[in-house]
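Fold and geometry: a report
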Amino acid sequence: MVLTGPSGVGKDTILREVRKRRPGLYVSVSATTRAPRPGEVDGKDYRFLSIAEFEEWIATDNLLEWACYVGNYYGTPKTPVLERLAVGEPVVLEIEVQGALQVKNNFPAAMLVFIRPPSLAVLAERLRSRGTEAPEAIERRLARACEELALADRFDYQVVNDKLAAAVEAVERLLFEEIPDEPAGG
Ligand code: ADP
Ligand code: 5GP
């Protein structure tokens, strides 16, 4: 499963809740060239790489997908994902929209879920209240969000993250195969 959607929409928060309920669930640890936020741990939150290291990973085909997102590289290390898929274990990627579309092309069996904010105003407020980016970086992420929202229809399901508990339940239901007839959450 690929969970995608704009920065600040609540992808991390939803997955954290799903993992509390399904402790064994494997969520891929991405590589990035962005600087660690306070409290982020290398190897747990991300593999924090230099630009040269990341470009080496691209050149040696170490990444399942990758993208440039507001000035940094982000990508999914290939081997851990393929090893788990080979033994039939579910794998979750939490990635931005360009990378998610690469997965859709390369892994047609993947289920792609786009998380939507109730509104752009709510998204902006969530990004600001998270407090992890400077105002200018927040503006860049919001501008990107408008482009990303325009691509939402390309995904298999859309879940609105309004009330967190409902969004967590919708994602958990999709992951564990009670796939509804109607797109979850609207
Ligand atoms: P993402 O991983 O998509 O960038 P986060 O999970 O970091 O987003 O969430 C961004 C901010 O919004 C966080 O401060 C989080 O606590 C808050 N948040 C997430 N989901 C909700 C929700 N349903 N209602 C209110 N706040 C939320
Ligand atoms: P952040 O800097 O907030 O941690 O992440 C910025 C964006 O990059 C988020 O939308 C996040 O989902 C996305 N992202 C994280 N890891 C990856 C990855 O491996 N590949 C891609 N394409 N996007 C990622």
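Described in the following lines is the structure provided in the data block. Just so you know, these numbers come straight off a predicted model, no measurement behind them.

The subject of this paragraph is the pairing of strand β7 (residues 91-94). Sheet topology note: the strand β1 (residues 2-4)/β7 ladder contains two bridges and is parallel. Bridge pairing in β7 places Leu 3 opposite Glu 94. As paired strands, strand β2 (residues 26-27) and β7 are joined by two bridges and run parallel to one another. The partner of Tyr 26 across the bridge, within β7, is Val 91.

Turning to the environment of Ile 95, a few remarks are in order. Positionally, Ile 95 belongs in the loop between β7 and α4 (97-106). Taking C-alpha positions, Ile 95 is 7.9 Å from Gly 5, a pair spaced 90 residues apart along the chain. Excluding its chain neighbours within four sequence positions, the residues that come into contact with Ile 95 are Val 2, Leu 3, Thr 4, Gly 5, Lys 11, Ser 30, Glu 65, Thr 76, Ala 100 and Val 103.

As a further point, take the sheet that holds strand β5 (residues 63-69). Taken together, the four strands give an open sheet; going across it, the order is β4-β3-β6-β5, and neighbouring strands pair in mixed fashion. Of all the strands in the sheet, the pair left with one neighbour each is β4 (47-48) and β5.

Looking now at the site of ligand 1. Taken together, 13 residues form the shell around ligand 1, and within it Gly 8, Lys 11, Thr 13, Arg 130 and Asn 161 come nearest. Contacts to ligand 1 include Gly 8, whose backbone N or O atom sits 2.8 Å from an oxygen atom. One of the side-chain nitrogen or oxygen atoms of Arg 130 is found 2.8 Å away from an oxygen atom of ligand 1. For ligand 1, the accessible surface in isolation is 570 Å², of which the surrounding protein chains cover 75%. One can see that ligand 1 is located within the largest pocket. Only α1 (11-21) and α5 (120-130) provide two or more residues apiece to the shell around ligand 1. Among the residues making up the shell around ligand 1, the classes are represented as three nonpolar, five polar and five charged.

Another aspect to go through is unusual backbone geometry. As a rule of thumb, non-glycine residues mostly have phi less than zero, and peptide bonds are mostly trans rather than cis. Unlike most non-glycine residues, Asp 61 shows phi in positive territory, near 60°. Considering the arrangement of structural elements, one finds Asp 61 in the loop between α2 (51-59) and β5. In this structure, Val 70 takes a positive phi of about 35° despite not being glycine. Within the secondary structure, Val 70 sits in the loop between β5 and β6 (72-77).

Rules behind the numbers
- Residues numbered from 1 in each chain as written.
- Chains lettered and ligands numbered in written order.
- Predicted model: local features only at pLDDT ≥ 70, side-chain atom pairs only at ≥ 80, totals over all residues.
- Heavy atoms only, no water.
- Pairing = 2+ DSSP bridges.
- Helix = DSSP H or I, 4+ residues; strand = E, 2+ residues; numbered from the N terminus.
- Contact = heavy atoms within 4.5 Å.
- Near = heavy atom within 4 Å.
- Polar contact = N/O pair within 3.5 Å; in protein donor to acceptor, adjacent residues only side chain to side chain.
- Areas by Shrake-Rupley, 256 points an atom, 1.4 Å probe, with all protein chains shown as cover.
- 1 Å grid on protein atoms, 1.4 Å probe; cavity = no way out; pocket = protein on both sides within 12 Å on 5 of 7 lines; lining within 4 Å.
- Sits in = over half its atoms within 2 Å of the grid points.
- Nonpolar A, V, L, I, M, F, W, Y, C, P; charged D, E, K, R; others polar.

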